[in-house]
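In case you want the letters, here they are:
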Amino acid sequence: MSGNARIYRGLARRERAGWIMGLTPVQAVTCLVLAVPVLWAVSAGRFLDAVLLFAGCGGVAVLVVVPVRGRPALRWLGHLLLHQLGVATGWSRWQSAAGAGHPVDPEEPDLPGVLQRVKLPDGPPLRDQGRVCLIHDTGDGRWGASARLTHSGVGLLSAEQCERLASRLGNLLLSIGHRDVVDRLSLLVRTVPDDGTEHEVWRREHEVADAPELARRVADELDRTIGNAGVRHEVFVTVSGTEDALRKPAAAAGGGVHGRARVLYRVLDGLEDPLKAMGATSVTWLSGAGLAEAVRTSFNPASSAVLRAAHLTGAAEDGLPKAAAGPVAAPSPSMRRYDHDAYSTVSYSVLMPEAGTVFGSLSPLLAVRTAGERRCVAIHYEVLDSRRAGREVQSIRFRTGVLRDFKANKGFSASAVEERAAGGAQAQERAVAAGHSLVRYSVAAAVTVPATWQVDDHAARLENDSAGRFRLLRLDLAQDSGFVAACVPLGIGLPRSRGGLL
């Protein structure tokens, strides 16, 4: 994908495409090794043994090569064994320390699964916004910060306005690619039920004691009718950079957490204007309490009403402690859903069409069909630096050129798919030579409902909303990690990669 959204169509491609008949080097070598015993048996004249070896080795080759819903069958088997091992040993079962009655440090986050590697230290004050909470991913070695955006949405915008916003998004990603500190940006949108907390607080403060009983009943009926169908949208953005990129400038800024925070703050200052140019009316970088509330409402949407009521009435002076950010309990994850507190979530990876898409096309995934459900969509971008982008496009062009020339020398004509891949590789190289960037990205979507509901019915409605637009790949055996990628605003969701692009 190029850094400019206006030339996105036709440039998307699979990451780490295979060199030999679509196979990765590991798969190709494995197939060759499996073929050696069969060839030896044939050369020795032991044809019966060759047939038996072909059946056995061929079955293993099928497990290694044939993909089943995005993963080779052998990898499915490995993931299933690891999942069952975690369930049997209790490693995947989790309960908060506070819920178990153990003493906790209010400033230490208590989170399940992959979030156990995340630390949330507070940085120094940022202008008039106070102290900003940093996100330290000790597993990937990344530092970042999250902000809450106020945005009116794109549902009522014209095609020209969406195209203009897409261009501004491309410029924002291009500017990140020109920075040496950060390289990832994550956008998370949640459509949550509107519980009417603000209205209830306002009514309590302005209610007239001697109001007619009929007027009270009418107001209550209106609140129930409108409140059941009401939804709100929460938008978060997370920016992060690697420890390697931050180490030297952070040492010059004083070192430690505060040094890394000061270096990140310089980037955060420059991102507010591009975000507002994309339609955000306000950008608020989250403090420790604010980030804890964002994570807490990810696991338990019902806690949002209590937290907002506390803010509106002035009862929450210090905010939610970080130790209370996670769920109270998360049992062993099911293969096809993730249970947390009193809710269940089904997560998907959204596979973009080869022909590309347009700005705002993900909005059907956020359209709630049943009152009380929540939908989330997260897009994780990683912008490659110019040197790495140059190596990638040259490698892609070389690979597609070698395959095309080989088939031409053997008298085979190139297929339409191969011609399109070769044209896309040349277009990418021209785009990078013109100063654009390459972007790795991943998109995750999720639907959350109370645990007493049939979550598979709501998951099917989400799949219906994507039909004809995108392909949804249900993250079986990894629903807990998929939940983090789709619902939690911590910027976790794009796997590490030694090379390649999407």
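That block above? That's the structure.
What you see is a predicted model, and the numbers here were worked out from it, not measured in a lab.

## Regarding helix H14 (residues 479-487)
Right, so step 1: H14 sits mainly inside the fold: seven of its nine residues count as buried.
Right, so step 2: Among all positions of H14, only Gln 479, Gly 482, Phe 483, Val 484, Ala 485, Ala 486 and Cys 487 are buried.

## Comments concerning helix H11 (residues 386-409)
Right, so step 1: With 24 residues, H11 ought to run about 34 Å at 1.5 Å a step, and its terminal C-alpha atoms sit 34 Å apart, in line with that.
Right, so step 2: Within H11, the full set of buried residues consists of Arg 388, Ala 389, Gly 390, Glu 392, Val 393, Ile 396, Arg 399, Thr 400 and Gly 401.
Right, so step 3: The secondary structure elements touched by the buried residues of H11 are strand E15 (374-383), helix H12 (416-433) and strand E16 (439-450).
Right, so step 4: Two residues or fewer after H11 comes Gly 411, characterised by a positive phi angle close to 90 degrees.

## Description of the nonpolar core
Right, so step 1: In terms of nonpolar packing, the biggest core is built from 56 residues, with Leu 185, Trp 285, Val 350, Leu 362, Tyr 381 and Val 443 touching the most fellow members.
Right, so step 2: For this core, the element with the highest residue contribution is helix H8 (residues 256-277), accounting for eight residues.
Right, so step 3: When residues no more than four places from it in sequence are discounted, the contact partners of Leu 362 are Val 350, Met 352, Val 377, Ile 379, Val 443 and Phe 470.
Right, so step 4: The next biggest cluster of nonpolar side chains, apart from the first, holds 32 residues, and it includes Phe 236, Ala 294, Leu 307 and Ala 378.

## Some remarks on the pattern of salt bridges
Right, so step 1: The final tally for this structure, using the stated rule, is 25 salt bridges.
Right, so step 2: Asp 140 is the partner of Arg 117 in a salt bridge, and the nearest nitrogen-oxygen pair spans 3.7 Å. Taken together, the positions of Arg 117 in the loop between strand E3 (94-95) and strand E4 (118-119) and Asp 140 in the loop between strand E7 (135-137) and strand E8 (142-151) put the pair 23 residues apart, joining distant regions of the chain.
Right, so step 3: Here Arg 117 falls in the partly exposed class, since its relative accessible area comes to 27%.
Right, so step 4: Note that Arg 260 is salt-bridged to Glu 243, the shortest N-O span being 2.5 Å. Residue Arg 260 is found in helix H8, and its partner Glu 243 is found in helix H7 (residues 243-252); the two are separated by 17 residues along the sequence.
Right, so step 5: Salt bridges sharing partners connect three or more residues here, namely Arg 184, Glu 382, Arg 388 and Arg 440.

Reading the values: the criteria
Residues numbered from 1 in each chain as written. Predicted model: local features only at pLDDT ≥ 70, side-chain atom pairs only at ≥ 80, totals over all residues. Heavy atoms only, no water. Buried < 20%, exposed > 50% of the residue type's maximum accessible area, 1.4 Å probe, protein only. Helix = DSSP H or I, 4+ residues; strand = E, 2+ residues; numbered from the N terminus. Expected span 1.5 Å × (residues − 1). Contact = heavy atoms within 4.5 Å. Core = buried A, V, L, I, M, F, W, Y, C linked by side-chain atoms within 4.5 Å. Salt bridge = Lys/Arg side-chain N within 4 Å of Asp/Glu carboxyl O.

The analysis is restricted to geometry; functional conclusions fall outside its scope.
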